[in-house]
Amino acid sequence: MAGGGSAAGKGDAPSVRIVVAGDAKTGKSSLILTAATDTYPPNVPPVLPPTRLPDDIYPDKVPVTIIDTSSSPENRGKLVEELKKADAVVLTYACDKPATLDRLSTFWLPELRRLEVRVPVVVVGCMLDKRDEQYPVSLEQVMSPIMQQFREIETCIECSAFRHIQIPEVFYYAQKAVLHPTAPLFDQEAQTLKPRCVRALKRIFILCDLDRDGALSDAELNDFQVKCFNAPLQPSEIVGVKRVVQEKLQEGVNEQGLTLTGFLFLHALFIEKGRLETTWTVLRKFGYNNEIRLSEDQLPPPIKRHPDQSVELTNDALDFLRRIFFTFDIDGDGALRSNELDDLFSTAPENPWSDAPYKDAAEKDALGGLSVDGFLSEWALMTLLDPIYSVENLIYIGYAGDPSSAIRVTRRRRLDRKKQQSDRNVYQCFVVGPKEAGKSAILNSFIGRPFPEEYQSTTGDQYAVNVVDLGGAKKSLVLREIPEDEVKKLLSSKDALADCDIAIFVHDSSHEASWKRAADLLVDVASHGEATGYEMPCLIVAAKDDLEPYLTEIQDSTRVSQDLGIEAPIPISTKLGDFSNLFRRIVNAAEHPHLSIPETEAGRSRKQYHRLVNRSLMFVSVGAAVAVVGLAAYRVYAARKNASS
């Protein structure tokens, strides 16, 4: 495979901004002027203005702007500002002043970390011509300990502006560190490709292995070369590539061609030899950015939607996921074990479900495997919470259709209420209630987690997602537990309830205080919905039905539900596994969003007021119409009288 560059800087920017910093009198300005003019300057101003290098000075033809800085205390603010805007930093020291070299590790490099300037660093020893040749020092010997301590250093170089020694190379290395950074690709300490790089290259290999035989044939290798570098490989070059691999790695080539192992070995070899531009060209041709994720132009555009619209996977995407499930269910047991799931996501930057809120959010069997329903439930949750991230992961695992065809925006919930039905396939239910009411137990039971013997307080939102079968029609239900302490914060936002299809209010039926708090939360949420126009169905859940209820529990909760105009409380016992068809009832209520909407006293008063105003306006309109008719009749009468006279 031949090498090739790609003009894509930080965030795919059209230019590279290099900031030169270091102690005073270390040759910063002379270095910049000599690079820009190819002439050593006899007189140098204290700080240069931004300096643009010619666009064609380096092979990538990407514009380079160099920023000079002052290390004086009075210019500290400007220095920090420039460092934070840098794509790369050149740190200078004077070869004839060892103290300036020491300052790199005692001040400059720690300072960059403190300022959170996370960009490649090139360390440059200036004024090489002034170093005492009687005491030769190996650059590698001097810099090796510093580079071990500060991994952000991309490379080190010595130069002389006066003698024109390695001046262009300084900014070439800095530009190259931005366009073709080492850090995302290669672990210098372990001398291996980084996991995310391996995953991306594996996906690229699979995309190029058109006959799916696990190897790149000569024809496939040639197609790959043309796609990435716009030049075919000669038969002798293909033989040479495979020979290099086979000499070092027997399993890198088989009868069918270059294996994945051999493909990865080649890229590790390029990087070790300093040809990072080869691997970066390949990655960028397949749509990857500097973080080795798909760049924005590979993903759907930002989704335009109202706050009360959600996003779901289309039937096309769901059919693809079902096929993928059975492809990776190697043992055919109807479940994806952790190793099978890891294999499925081995072409993604990471397993997207390894962290909250997706980790353990869906039902698993006794051996920790995900069923088809559990697998699709995780995708439903990810698409609901972060649709673009969901599509991104679909592409990583092989979805080849138009990315926008994988998702659909649902109808507004406000319109669903008017039409008295919902056509969603995924419903989100807020689970609200006081501490120790049994909210987490409901989520755990929904996805088959065992009932915990000891109470554990929930901090932050928790999710559980599963499929609910309504007599043949399957819907995904997402339960979002909202801790009591978070309700007030949630309701501080106008659109807090916009993405909620239904809410359940859970109370411990054996404790009166639990009921009173749940009732208060219900009124707070219902009032917020009325005030913002995001009303939603609500159900009351009387948990811990296996315990003795407090004396007036049934009367109290029934009275409140009647006053609010919603269903009677649903008694459940998670400990006994008695749920009174709770989850089916939640989905049924969500499917008919005009029912079970609580109406508070304030809401009723507001409606009565609007009715009165509308009635008054109607009377005014009728009165005005009568007056107009009367005036018209009088004019006719007057006209006739005048005519008879």
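Residues numbered from 1 in each chain as written. Predicted model: local features only at pLDDT ≥ 70, side-chain atom pairs only at ≥ 80, totals over all residues. Heavy atoms only, no water.

Under an unreviewed UniProt entry, the name given to the protein chain is Mitochondrial Rho GTPase, and the source organism is Solanum bulbocastanum. The Subcellular location (unreviewed entry) field of the UniProt record for the protein chain holds the comment "Mitochondrion outer membrane". (UniProt positions renumbered as here; feature names shortened; annotations may be inferred.)

In terms of regular secondary structure, the protein chain is built from 21 helices and 19 strands. Within the protein chain, the proportion of its 645 residues that are buried is 50%. Across the protein chain, every contact between residues at least 6 apart in sequence was considered, and the portion connecting residues at least 24 apart equals 72%. Of the roughly 31700 Å² of accessible surface on the protein chain, 52% is carried by carbon and sulfur atoms. (Helix = DSSP H or I, 4+ residues; strand = E, 2+ residues; numbered from the N terminus. Buried < 20%, exposed > 50% of the residue type's maximum accessible area, 1.4 Å probe, protein only. Contact = heavy atoms within 4.5 Å. Areas by Shrake-Rupley, 256 points an atom, 1.4 Å probe, with all protein chains shown as cover.)

Moving on, we come to the sheet that holds strand β10 (residues 253-254). Strand order in the open sheet formed by three strands is β9-β11-β10, and the pairing between neighbours is antiparallel. Of all strands in the sheet, those bounded by a partner on one side alone are β9 (215-216) and β10. Pairing of β9 with strand β11 (residues 257-259), which is carried by two bridges, proceeds in the antiparallel orientation. The partner of leucine 216 across the bridge, within β11, is leucine 258. (Pairing = 2+ DSSP bridges.)

For the rest of this paragraph, the subject is helix α10 (residues 276-285). In terms of burial, α10 is largely enclosed, as nine of its ten residues are buried. On its buried face, α10 sits against α5 (167-179), α6 (195-208), α7 (218-229) and α9 (260-272). Positive backbone phi, approximately 90 degrees, marks glycine 287, located one or two places after α10.

What follows covers empty space enclosed by the protein. If you walk through the whole model with that rule in mind, you get three cavities of 30 Å³ or more. One number sums up the size of the largest cavity: a volume of about 70 Å³. Taken together, 13 residues line the largest cavity, and the ones lying closest to its centre are Arg413, Asp416, Arg417, Asp501 and Pro593. Examining the composition of the lining of the largest cavity, we find that three residues originate from one element, helix α15 (residues 413-419), more than from any other. When grouped by side-chain class, the residues that make up the lining of the largest cavity number six nonpolar, one polar and six charged. Roughly 60 Å³ of internal volume is contained in the second largest cavity. Around the second largest cavity sit Leu497, Val525, Ala526, Gly529, Tyr534, Glu535, Met536, Cys538, Ile597 and Pro598, which together line it. The element best represented in the lining of the second largest cavity is helix α18 (residues 512-532), accounting for three residues. Grouping the constituent residues of the lining of the second largest cavity by class yields eight nonpolar, one polar and one charged. (1 Å grid on protein atoms, 1.4 Å probe; cavity = no way out; pocket = protein on both sides within 12 Å on 5 of 7 lines; lining within 4 Å. Points joined across faces, edges and corners; volume = space filled by probe spheres on them. Nonpolar A, V, L, I, M, F, W, Y, C, P; charged D, E, K, R; others polar.)

So, about the sheet that holds strand β3 (residues 64-68). With mixed pairing, the six strands of this open sheet are ordered in space as β2-β3-β1-β4-β5-β6. Only two strands of the sheet have a single partner each, and these edge strands are β2 (51-53) and β6 (153-158). Going across the sheet, the axis of each strand differs from the next one's by a mean of 25 degrees, ignoring polarity. Where strand β4 (residues 88-94) lies against strand β5 (residues 121-126), six bridges are found, and the strand directions are parallel. Within β5, the residue paired with valine 89 across the bridge is valine 121. Sitting on the sheet, helix α3 (residues 98-114) is in contact with β1 (16-22), β4, β5 and β6, with an inclination near 155 degrees to β4. Those strands touched by helix α4 (residues 139-149) are β4, β5 and β6, and its axis lies near 155 degrees from that of β6. (Axes fitted to C-alpha atoms, helices over the stretch in contact; angles between N-to-C directions.)

A word on the UniProt feature "domain: EF-hand" (unreviewed entry) in the protein chain. Feature annotation in UniProt assigns "domain: EF-hand" (unreviewed entry) to the following positions: residues 316-351. Span residues 316-351 is 56% helix and 0% strand, its end C-alpha atoms 22 Å apart.

So, about the packing of α3 against α4. Interhelical geometry of α3 versus α4 gives an angle of 20 degrees and a closest axis separation of 11 Å. It follows from the interaxial angle that α3 and α4 lie roughly parallel. Where α3 crosses over α4, the handedness of that crossing is right-handed. Counted together, Leu101, Leu109 and Arg113 of α3 and Val142, Met143, Ile146 and Gln149 of α4 form the full contact between these two elements. Per-class residue counts for the contact of α3 with α4 are five nonpolar, one polar and one charged. (Parallel < 35°, antiparallel > 145°, perpendicular 65-115°, else oblique. Left-handed = near helix turned anticlockwise from the far one by under 90°.)

Residues Ile204, Phe375 and Trp379 are the most contacted members of the largest nonpolar core, which totals 75 residues. Here this core gets eight residues from one element, more than from any other, and that element is helix α13 (residues 372-385). Setting aside chain neighbours within four positions, we find tryptophan 379 in contact with Leu313, Leu321, Phe345, Trp353, Ser390, Asn393, Leu394 and Ile397. By size, the runner-up hydrophobic cluster in this structure holds 29 residues, among which are Leu53, Val64, Ile157 and Phe171. (Core = buried A, V, L, I, M, F, W, Y, C linked by side-chain atoms within 4.5 Å.)

Another aspect to go through is the layout of surface pockets. In this structure, the largest pocket spans a volume of roughly 1200 Å³. At the level of elements, α3, α4, β6, α5, β7 (186-187) and α9 are the ones that each hand at least two residues to the lining of the largest pocket. The element contributing the most residues to the lining of the largest pocket is α4, with six residues.

This part takes up the pattern of salt bridges. One pass over the structure, following the stated rule, counts 34 salt bridges. The shortest N-O distance in the salt bridge between arginine 412 and aspartate 308 comes to 2.9 Å. Within this pair, whereas arginine 412 is found in the loop between β13 (407-409) and α15, its partner aspartate 308 is found in the loop between α10 and β12 (311-313), the two being separated by 104 residues in sequence. Assessed through its relative accessible area of 23%, arginine 412 is described here as partly exposed. On the accessibility criterion, aspartate 308 (1% relative accessible area) is buried. Put simply, Arg411, Arg413, Asp416, Arg424 and Asp501 are held in one network by salt bridges that share partners. (Salt bridge = Lys/Arg side-chain N within 4 Å of Asp/Glu carboxyl O.)

This brings us to the state of the cysteines. Here a disulfide denotes one covalent bond, and it connects the sulfur atoms of two cysteines. Under the criterion given, the structure shown has zero disulfides. Summary of cysteine pairing: cysteine 159 is not part of a disulfide, and the nearest cysteine sulfur, belonging to cysteine 126, is at 4.2 Å. By relative accessible area, which is 1% here, cysteine 159 ends up buried. (Disulfide = S-S within 2.5 Å.)

All right, on to the confidence of the model for the protein chain then. Across the protein chain, the average pLDDT comes to 90, with 90% of residues at or above 70. Here residues 2-13 scores under 50 on pLDDT; set against residues more than four positions off or in separate chains, the count is 36 contacts. (pLDDT = per-residue confidence, 0-100.)

Once that is clear, we can look at the packing of aromatic side chains. Counted according to the given criterion, the structure contains 16 aromatic pairs. For the pair phenylalanine 320 and tyrosine 399, a centre-to-centre distance of 5.4 Å together with 75 degrees between the ring planes defines the contact as edge-to-face. Taken together, the residues phenylalanine 320 in helix α11 (residues 315-328) and tyrosine 399 in the loop between α14 (387-396) and β13 connect sequence positions 79 residues apart. With relative accessibility at 7%, the residue tyrosine 399 sits in the buried group. Ring plane angle 35 degrees and centroid distance 6.2 Å describe the contact between phenylalanine 345 and tryptophan 379, whose orientation is recorded as tilted. Taken together, the residues span a long stretch of sequence, with phenylalanine 345 in the loop between α12 (338-344) and α13 and tryptophan 379 in helix α13 at a distance of 34 residues. For the pair formed by phenylalanine 345 and tryptophan 379, the shared burial category is buried. Cluster of aromatic residues (ring-pair linked, three or more members): Phe325, Phe326, Phe345, Trp353, Phe375 and Trp379. The ring of phenylalanine 430 has arginine 480 sitting right over it, with the charged end atom 4.8 Å from the ring centre. (Phe/Tyr/Trp six-rings, centres within 6.5 Å; stacked < 30°, edge-to-face > 60°. Lys NZ or Arg CZ within 6 Å of the ring centre and 35° of its normal.)

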